[in-house]
Amino acid sequence: MAQQLSYYFPGYGITDEMIPRLLREFLDWGENRFVVSCYLIEECLKNERRLDDLQRWQREFPITFANMHAPCGPGYDLNTMDETSRPAMIADHIRAMEIASELGCKTYTIHIGAYHYVHQHAKLPELRKYAHDTMEKLVPAAQKYKVILAVENNFEPPNSAREVLRYVAPYAKAPYVGVCFDVGHANIMRMYPGKRLDRYRSYLHNEWYETGIIPENDALDILMPHIVTAHLHDNDGYGDLHAMPGDGDVDWQETVAKLKKCPRLEEIQTEVNYLSGVNWAGELCAPHGGYSIRRLVETFRNLGF
C-alpha cells in the first residue's frame, strides 16, 4: 500500500517560490507522489502556462502527480444547472482529464455538487437529471484518456453515499468509473453513542433544510465495491476540518482495514490541510503554525500506508 499513497498538493497559501522547498521536505522524507488539487487544475484551465509549472516541477524533481481533484463549485459540479455554462463546464472537465493523463494521474475525483440544492433549493430529481447527463458526457473522455472518473461522497443531501451510488452503479462494469471515498465526510454523517445533532455546525443544518440531518453509518460498506481512491483526513464529527488522522474521532483501525479490502482500490490520498489558519468550516485542529511535513508523513506511515 505504501507506494499508492499520494500527498495533497495545495494550490493556495504557498507561493511558487516556496514550492521547491516544500517538495524537498517531502523528498527527504522519502515521499514523491502528489495530488493535483482542484485549485491547481483550475489555474491550468484558466491559463495553460500554469501547466508548464507543474511539468517543470516534475522535470526538476523526481516527483509524480498520481491523481487529480477536479475543479469544483457551482460552475463545475456534476449537477450544475446553468444551461448556458454547461457546455463550457463539460469541456473544462474533459480538458482537465486530458491534462491528468498527460501528467500521469490515475484518478480524477469529482463532486456531484450541492450549490443549487442548498442555495437555490432545487429539488433532487431535477439535479439528478443534470448529473446523469454530465456523467454520460464525461465517461467517454475518461475512457479515452484512461483516467478513472471517481465520484466523491460528501455531507449534503445531493452528495450522500446513496446518491453517489446512483451515478456509478450504471457503470459498474466500466473500468474508468468509480468512487472516491472521503473518510472525513463519511465521519461527519456517521452517528455514534453520545453524538448530538444539535452540535453540528450551522452550515450543515442549513444544507439539510428539507429533512433535518439524516445520519449515514454505512457509507463505506455500500460504496466499497466501487471505491478506487480515498481521501484521508479527520474531524470531530460535526464539521469538515480536514485534520490530521488521530486529531478527530474517525475509527482509523476499522476504516483502514475496510479500505484495504476494497476490490478496486487503486490508491490513497491524504487530504489534510497542513497550513495553519482558518478554513470555511471553522478553526483547524492543527497546532499553532500548522502541521509539519514530518508529522504528516509519520502519521500516514503509522496507519500502514
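Look above for the structure.
Here's a quick rundown of the structure. (Residues numbered from 1 in each chain as written. Predicted model: local features only at pLDDT ≥ 70, side-chain atom pairs only at ≥ 80, totals over all residues. Heavy atoms only, no water.)

**Observations regarding the overall build of the chain**
Phase 1: Tallying secondary structure elements over the chain gives twelve helices and ten strands in all.
Phase 2: Taking 2.2 N^0.38 as the reference for a compact globule, 305 residues should give roughly 19 Å; the C-alpha atoms of the chain span a radius of gyration of 18 Å, in line with that estimate.
Phase 3: Residues classed as buried in the chain amount to 56% of the 305 residues present.
Phase 4: Restricting to contacts in the chain with at least 6 residues of sequence separation, those with at least 24 account for 81%.
Phase 5: Accessible surface, the chain: about 12900 Å² in total, of which carbon and sulfur atoms supply 51%. (Helix = DSSP H or I, 4+ residues; strand = E, 2+ residues; numbered from the N terminus. Rg over C-alpha atoms; globule rule 2.2 N^0.38 Å. Buried < 20%, exposed > 50% of the residue type's maximum accessible area, 1.4 Å probe, protein only. Contact = heavy atoms within 4.5 Å. Areas by Shrake-Rupley, 256 points an atom, 1.4 Å probe, with all protein chains shown as cover.)

**Notes on the sheet that holds strand β7 (residues 227-232)**
Think of a sheet as strands paired side by side through backbone hydrogen bonds, with each pair either parallel or antiparallel.
Phase 1: Taken together, the eight strands give a closed barrel; going around it, the order is β1-β2-β3-β4-β5-β6-β7-β8, and neighbouring strands pair in parallel fashion. Neighbour to neighbour, the strand axes of the sheet diverge by 30 degrees on average, direction disregarded.
Phase 2: Inspection of the sheet shows strand β3 (residues 64-69) paired to strand β4 (residues 107-111) by three bridges, in the parallel sense. In the strand pairing of β4, Met 68 is matched with Tyr 108.
Phase 3: Here helix α7 (residues 161-168) sits on the sheet in contact with β5 (148-152) and β6 (177-182), set at roughly 165 degrees to β6. (Pairing = 2+ DSSP bridges. Axes fitted to C-alpha atoms, helices over the stretch in contact; angles between N-to-C directions.)

**Comments concerning the environment of His 93**
Phase 1: Along the polypeptide, His 93 turns up in helix α4 (residues 86-103).
Phase 2: Its relative accessible area of 0% is what places His 93 among the buried residues.
Phase 3: Not counting the four nearest positions on each side in its chain, His 93 is found in contact with Ala 70, Pro 71, Tyr 76, Tyr 108, Ile 110 and Leu 138.

**Comments concerning the packing of helix α2 (residues 38-46) against α4**
Phase 1: Where α2 meets α4, the closest approach of the two axes is 10 Å, and the angle between their N-to-C directions is 110 degrees. The orientation of α2 relative to α4 falls into the category roughly perpendicular. From α2, Ile 41, Cys 44 and Leu 45 reach across to α4, where they touch Asp 92, Arg 95, Ala 96 and Ile 99.
Phase 2: Class assignment for the residues of the contact of α2 with α4 results in five nonpolar, no polar and two charged. (Parallel < 35°, antiparallel > 145°, perpendicular 65-115°, else oblique. Nonpolar A, V, L, I, M, F, W, Y, C, P; charged D, E, K, R; others polar.)

**As for the state of the cysteines**
Phase 1: Scanning the entire structure with this criterion turns up zero disulfides.
Phase 2: Note on Cys 105: no disulfide assigned, nearest cysteine sulfur contributed by Cys 44 at a separation of 10 Å.
Phase 3: In this structure Cys 262 is a free cysteine whose sulfur lies 11 Å from that of Cys 180, the closest cysteine sulfur available. (Disulfide = S-S within 2.5 Å.)

**Some thoughts on the pairing of β7**
Side-chain direction in a regular strand flips from residue to residue, so the side chains alternate between the two faces of the sheet.
Phase 1: For β7, the buried fraction is high: six of the six residues fall into the buried class.
Phase 2: Here four bridges tie β6 to β7, and the two strands are oriented parallel to one another. Looking at β7, one finds that Phe 181 is bridged to Ala 230.
Phase 3: Two elements, β7 and strand β8 (residues 268-270), share two bridges in a ladder whose sense is parallel. Note on β8: the bridge partner recorded for His 231 is Gln 269.

**Regarding the side chain of Gln 4**
Phase 1: Within the secondary structure, Gln 4 sits in the segment before β1 (5-9).
Phase 2: Ignoring sequence-local partners within four residues, the contact set of Gln 4 consists of Arg 33, Glu 266, Glu 267 and Ile 268.

**Describing the pattern of salt bridges**
Phase 1: Summed over all chains, the structure comprises 27 salt bridges.
Phase 2: Of the charged contacts in the structure, one is a salt bridge between Glu 48 and Arg 95, with a shortest N-O distance of 2.9 Å. Of the two residues, Glu 48 is situated in the loop between α2 and α3 (49-60) and Arg 95 in helix α4; the sequence distance between them amounts to 47 residues. (Salt bridge = Lys/Arg side-chain N within 4 Å of Asp/Glu carboxyl O.)

**Some points on the nonpolar core**
Phase 1: The biggest cluster of nonpolar side chains holds 83 residues, and the ones touching the most others in it are Phe 65, Met 68 and Phe 300.
Phase 2: Excluding anything up to four places from it in sequence, Phe 300 contacts Leu 5, Tyr 7, Leu 232, Met 244, Pro 245, Thr 270, Val 272 and Phe 305.
Phase 3: Residues Phe 155, Ile 188, Tyr 200 and Tyr 238 belong to the second largest nonpolar core, which totals nine residues. (Core = buried A, V, L, I, M, F, W, Y, C linked by side-chain atoms within 4.5 Å.)

**Section: the side chain of Glu 156**
Phase 1: Counting through the fold element by element, Glu 156 comes out in the loop between β5 and α7.
Phase 2: The buried charged residue Glu 156 lacks any salt bridge, with Arg 128 as its nearest oppositely charged partner at 13 Å.
Phase 3: In terms of polar contacts, Glu 156 uses its side chain to reach the side chain of Asn 159, at 2.6 Å.
Phase 4: In this structure, Glu 156 is in contact with Ala 114, Glu 207 and Trp 208, ignoring residues within four places of it in sequence. (Lys, Arg positive; Asp, Glu negative; His and termini not counted. Polar contact = N/O pair within 3.5 Å; in protein donor to acceptor, adjacent residues only side chain to side chain.)

**A few points about the packing of aromatic side chains**
Phase 1: Evaluation of the coordinates by the stated rule reveals six aromatic pairs.
Phase 2: Each ring, one from Tyr 7 and one from Phe 300, has its centre 6.4 Å from the other, and the planes form 80 degrees; the classification is edge-to-face. With a gap of 293 residues between them, Tyr 7 in strand β1 and Phe 300 in helix α12 (residues 293-302) connect regions that are remote in the sequence.
Phase 3: The exposure class of Tyr 7 is buried, given its relative accessible area of 0%.
Phase 4: Across from the ring centre of Tyr 238, 5.6 Å away, lies the NZ or CZ of Lys 195, which sits over that ring.
Phase 5: In this structure, Lys 260 packs its charged tip against the face of Phe 305, placed 5.7 Å from the ring centre. (Phe/Tyr/Trp six-rings, centres within 6.5 Å; stacked < 30°, edge-to-face > 60°. Lys NZ or Arg CZ within 6 Å of the ring centre and 35° of its normal.)

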